[in-house]
Amino acid sequence: MVIQIFRHKVCNPPSHLDAQMIEQLGDIMLGGNDKSYTEVLTFFMQISSRAFSESKGTKDSTEHQGYRHCSFTVIRTLERVCEKLEDPDKLQELLPWLLELFVQRSLEIQKLCDREKSSLKDQAGNLGVLLPVFAILMGRIERVENVNNKVQRLFRDFWQICVVMNFVTRRLGQYTEEWYEGVEAVAVKTPLMSSMGADTFLEHDLQYNSALKVEGAAQEAEFRVTICELLHAPELNNGIYRMNYGQCTFFLSAYHIELMRVSQPKYTCYHLFHYLQDKGIQKDKSGIYACFEHMCSHMFQLHLDDVSQQSRDEERQKHLENLVQFLLVKFNHCVKRIRLTADKWLSKLIDKFNHLLWSEEVLKCLAHLTQELVKAARNSSPEEGVTREVSIPYEPGMMDIAEEVHERRNMLTDFSKRFAGILRE
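Fair warning: this is a prediction, and the values are worked out from it, not measured in the lab. (Residues numbered from 1 in each chain as written. Predicted model: local features only at pLDDT ≥ 70, side-chain atom pairs only at ≥ 80, totals over all residues. Heavy atoms only, no water.)

### Some points on the layout of surface pockets
Here comes step 1: What the largest pocket holds in volume is close to 380 Å³.
Here comes step 2: K121, N166, R171, E222 and T226 are, among the 19 residues lining the largest pocket, the residues nearest its centre.
Here comes step 3: Residue assignment for the lining of the largest pocket shows that the elements contributing at least two residues are α9 (149–165), α12 (217–231) and α14 (245–261).
Here comes step 4: Sort the elements by how many residues they give to the lining of the largest pocket and α12 lands first, with six residues.
Here comes step 5: Looking at side-chain class alone, the lining of the largest pocket contains seven nonpolar, seven polar and five charged residues.
Here comes step 6: Counting residues per element, the ones that place at least two in the lining of the second largest pocket are α17 (288–308) and α18 (314–330).
Here comes step 7: Top contributing element to the lining of the second largest pocket by residue count: α18, with three residues.
Here comes step 8: Grouping the amino acids of the lining of the second largest pocket by side-chain chemistry returns two nonpolar, seven polar and five charged. (1 Å grid on protein atoms, 1.4 Å probe; cavity = no way out; pocket = protein on both sides within 12 Å on 5 of 7 lines; lining within 4 Å. Points joined across faces, edges and corners; volume = space filled by probe spheres on them. Helix = DSSP H or I, 4+ residues; strand = E, 2+ residues; numbered from the N terminus. Nonpolar A, V, L, I, M, F, W, Y, C, P; charged D, E, K, R; others polar.)

### Comments concerning empty space enclosed by the protein
Here comes step 1: Inspection of every chain in the model, using the stated rule, returns one cavity of 30 Å³ or more.
Here comes step 2: Taken as a whole, the largest cavity encloses approximately 40 Å³ of empty space.
Here comes step 3: Lining the largest cavity, in full, are R156, Q160, M193, L206, S210, G246, T249, F250 and S253.
Here comes step 4: Put simply, the parts of the chain that give the lining of the largest cavity at least two residues each are α9 and α14.
Here comes step 5: When residues in the lining of the largest cavity are grouped by element, the largest group, four residues, is from α14.

### A look at the environment of E315
Here comes step 1: Relative to the helices and strands, E315 resides in helix α18.
Here comes step 2: Here K266 takes part through its side chain, which lies 2.5 Å from a polar atom of the side chain of E315. (Polar contact = N/O pair within 3.5 Å; in protein donor to acceptor, adjacent residues only side chain to side chain.)

### Details of unusual backbone geometry
Here comes step 1: Cis geometry marks the peptide bond from E395 to P396; its omega dihedral reads 5°.
Here comes step 2: Tracing the backbone through its elements, the reader meets P396 in the loop between β1 (388–391) and β2 (398–401).
Here comes step 3: In the Ramachandran plot, N166 falls in the positive-phi region, its phi being about 65° despite a non-glycine side chain.
Here comes step 4: Backbone geometry places K266, a non-glycine residue, at a positive phi of 65°.
Here comes step 5: Within the secondary structure, K266 sits in the loop between α14 and α15 (272–276).

### A closer look at the packing of helix α10 (residues 177–189) against α14
Here comes step 1: Interhelical geometry of α10 versus α14 gives an angle of 90° and a closest axis separation of 9 Å. The orientation of α10 relative to α14 falls into the category roughly perpendicular. Along the contact surface, α10 presents Y180, V183, E184, A187, V188 and K189, while α14 presents I257, M260 and R261.
Here comes step 2: Counted by class, the contact of α10 with α14 contains six nonpolar, no polar and three charged residues. (Axes fitted to C-alpha atoms, helices over the stretch in contact; angles between N-to-C directions. Parallel < 35°, antiparallel > 145°, perpendicular 65-115°, else oblique. Contact = heavy atoms within 4.5 Å.)

### Some thoughts on the confidence of the model for the chain
Here comes step 1: When pLDDT is averaged across the chain, the result is 85; 90% of the residues are at 70 or more.
Here comes step 2: Element-level pLDDT for the chain is lowest in helix α4 (residues 60–63), with a mean of 47, against a maximum mean of 96 in α17.
Here comes step 3: This stretch, residues 55–63, has a pLDDT under 50; its non-local contacts, to residues over four places away or in other chains, come to nine contacts. (pLDDT = per-residue confidence, 0-100.)

### So, the environment of Y245
Here comes step 1: Within the element layout of this structure, Y245 appears in helix α14.
Here comes step 2: Between the C-alpha atoms of Y245 and R224, which are 21 residues apart in sequence, the distance is 8.6 Å.
Here comes step 3: Excluding anything up to four places from it in sequence, Y245 contacts Q160, V164, Q207, L212, K213, V214, Q219, E220 and F223.

The following block contains the structure:
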């Protein structure tokens, strides 16, 4: 009953009491039941999104008059809820709501810009004020993993908006440091950018179902130039200039997420192979896969440089040994491009930390994987023609075995040569 009364009274008509009622609704979120919590959240989303449908001369300006003046209070109240809410499940549930609020607000802003013939970046402040709320929330929840397609899409839209608004770069004087820190907090715990299993995802879905639409050919060209400058790889330029708006923002999202993550404590680079093994990225015809290969190799090198500056203790040694073991497993992947990438990274790792050649754990791993490959090469029936997985005691826990027997034997030969080369060194 109280919630219904407040919903009817807030901004009807606009009053100096609106802020107090919104703050009291925040108290209900903190102390109320699940139903009250959801009702208040829904109302806050309505206020925030409708605030930007108010524009001089529009149909909505009279109906929603006054919402804009309490929009800031809603944001401050959400910050307080994120700080004080004790229920971990409710905290986790709050994230999709905030993502949807961010996306809906951006859509309303784009409509406003279309009506006023202005640029999205001119309205960046109306979105940036939400980023400190994300920073508080992400600091209190676990890393987001195994999400459904709806939440995955919300994250994808969130990052596209951040790229378009240029929230992903730290530039003195452009935006406040607090906004960048909010984006960085999301990057640390965001699920990996994914094609969600759709083979034509990058070519169609990204182009036509993105949250924000391209503002013109000049914006699309700007993103392509930005990618060329970030990668410093002239041989990729032809492919980059075939990428559409959706593909550009998708790649730039992944690039900036990884750039923000790589400097974080306890960083591991295992997940970089997620991009390289993504079916949608692999099958894309624009050349984006080569961009991801280059980006992942760059992040791997940054990680090695960072590790080289760390104290030479047992923890660092264990991390390096695990990394070698992981790359040795990927060296035997059934996709050739993955094997080649693993081989290149393995060479970089050994060159920088050559003491790993004498590691007992590394040598044990080499012997164990060789044994598994010998078994697979000898076993031609009944598993020939079927890719299977072998359980192993190293990251990622499973090793793919090629379909055909001759491929298994070739992989055994290649791995034996690599093993012999390591022993010689």
